[in-house]
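Observations on chain architecture
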Amino acid sequence: MTDNITGSSAPHASMPADGYVGDPEVRAEWDNRYADRRQLWSGRPNGALVAEVADLTPGRVLDVGCGEGADAVWLARGGWDVTALEVSGVALERAAGHARDAGLTVRWVHAALTEAALPSASFDLVSAQYPALLRTPDAAAERALLAAVAPGGALLLVHHAGMDTRHEHDGGFDPADYVWPSMVAALLDDDWTVEVDEQRPRVAPDGGAGAHHTDDVVLRARRLR
C-alpha cells in the first residue's frame, strides 16, 4: 500500500532497538511482507520529500514509517538529525545496514507511532511518506503526527491520490481503516498554517512496490506556536 510504513521504542544510533512497542500482529504482517523480498522499495528517496525539503534548513526530523531507510539516509546525508520510526524489525535491520554503509548516524525507533515514546513538539520536520497509519475513533495517529512538530517546524504528509476512495474489496484493503491527509488537515487549528495542500503528478523512483501510482496528495503545514 505504501512507499513506507510506521513504528518506535528506545532509539539507538547504529542498530534498531529490540523492544518493539505496538500491536504484534501489525509487526508480523509487515515483517512477513518485507521478508518475502530482498528489497521491497526502490532504495531511493521519495520525490515529494526531496521537493518539499529543498527550501528547509536541516534540523531535527522524524521519518514516520521509514521502511528500508532510503528517506532517512538521504536526510542524514543532507545534514538532518534523523529519528526514523518503523514497525517492521526486518525493515529496520535493512535500514540500519544502509546507514552504516553510508557512514551515517540515524536514531532507530521500533514501535507503532501511537505507542512511541517520542519527545513532544521537538522535531523541525515530521515526514510521513505514504504511511499505513491505522485510523482510531480518537484520531490518535493524526494527533501524534501533529504533537511531534516543534513550534516553527513543519509536517509533511504525502499519500497516493485516490487511495482513500478505493473499494473495500480491492486487494482486501479498506480505506476506512487508514488515516488520509484530509483527516490530518481537518485537525489543524489557528496554531498552524497550511503551506501546501494539493494533488500533483508523482515523482516516482524506478522500481519498488507502489511504483504504479501516478499522483500524490501533498500536505505541508507549519506549526506557528
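About the criteria used
- Residues numbered from 1 in each chain as written.
- Predicted model: local features only at pLDDT ≥ 70, side-chain atom pairs only at ≥ 80, totals over all residues.
- Heavy atoms only, no water.
- pLDDT = per-residue confidence, 0-100.
- Contact = heavy atoms within 4.5 Å.
- Core = buried A, V, L, I, M, F, W, Y, C linked by side-chain atoms within 4.5 Å.
- Buried < 20%, exposed > 50% of the residue type's maximum accessible area, 1.4 Å probe, protein only.
- Helix = DSSP H or I, 4+ residues; strand = E, 2+ residues; numbered from the N terminus.
- Lys, Arg positive; Asp, Glu negative; His and termini not counted.
- Salt bridge = Lys/Arg side-chain N within 4 Å of Asp/Glu carboxyl O.
- Pairing = 2+ DSSP bridges.
- Right-handed = clockwise from strand over helix to strand, strands pointing away.
- Arc of directions from axis to C-beta.
- Expected span 1.5 Å × (residues − 1).
- Polar contact = N/O pair within 3.5 Å; in protein donor to acceptor, adjacent residues only side chain to side chain.

Caution applies to low-pLDDT parts of the model: their predicted coordinates are not meant to be read in detail. In this model, the protein carries an average pLDDT of 87, and 83% of its residues clear a pLDDT of 70 or more. Note that pLDDT drops below 50 for residues 1-17; the model gives that stretch 102 contacts with residues more than four away or on any other chain.

With 26 residues, the main nonpolar core has Trp80, Val82, Ala84, Val106, Trp108 and Leu125 as its most contacted residues. Of all the secondary-structure elements, those providing two or more residues to this core are helix 2 (47-52), helix 3 (70-77), strand 2 (81-86), helix 4 (89-102) and strand 5 (149-160). Setting aside its immediate chain neighbours within four residues, leucine 125 contacts Val53, Leu56, Arg60, Val61, Leu62, Trp80, Ala154 and Leu156. Within the second largest apolar cluster, 24 residues are counted, among which are Ala116, Leu133, Leu146 and Val184.

Turning to the side chain of glutamate 86, a few remarks are in order. Residue position: glutamate 86 is located in strand 2. For the buried glutamate 86, which has no salt bridge, the nearest side chain bearing the opposite charge is arginine 27, at an N-O separation of 9.1 Å.

What follows deals with the pairing of strand 2. The element strand 2 is extensively covered by neighbouring structure, given that five of its six residues are classed as buried. Pairing of strand 1 (residues 60-64) with strand 2, which is carried by five bridges, proceeds in the parallel orientation. In the sheet register, valine 61 faces strand 2, and the bridge partner there is valine 82. Note on the crossover from strand 1 through helix 3 to strand 2: the handedness is right-handed. The pairing of strand 2 with strand 3 (residues 107-110) spans four bridges and is parallel.

Of the positions making up helix 5 (residues 140-147), those classed as buried are Ala141, Glu142, Leu145 and Leu146. Projection of helix 5 onto a plane perpendicular to its axis shows the buried side chains occupying an angular sector of 135 degrees, all on one side.

This paragraph deals with the pattern of salt bridges. Per the stated rule, a full pass over the model turns up 10 salt bridges. Arginine 220 is the salt-bridge partner of glutamate 195, the closest N and O atoms lying 2.8 Å from each other. Highlighted residues: glutamate 195 in strand 6 (residues 192-201) and arginine 220 in strand 7 (residues 215-223), separated in sequence by 25 residues. A relative accessible area of 33% means that glutamate 195 is categorised as partly exposed. The class for arginine 220 is buried, based on a relative accessible area of 9%. Within this structure, Glu52, Asp55, Glu195, Glu198, Arg200, Arg220 and Arg222 form a network of salt bridges that share partners.

So, on to helix 4. Helix length check: helix 4 (14 residues) gives 20 Å between terminal C-alpha atoms against 20 Å at 1.5 Å per residue, within 8%. Residues of helix 4 that are buried: Gly89, Ala91, Leu92, Arg94, Ala95, Ala96, Gly97 and Ala99. Buried residues belonging to helix 4 abut helix 1 (24-35), helix 3, strand 2 and strand 3. One side-chain oxygen at the N-terminal end of helix 4 lies 3.3 Å from the backbone nitrogen of valine 90; it belongs to serine 88. Of the residues flanking the end of helix 4, it is glycine 103, one or two places downstream, whose phi is positive at about 70 degrees.

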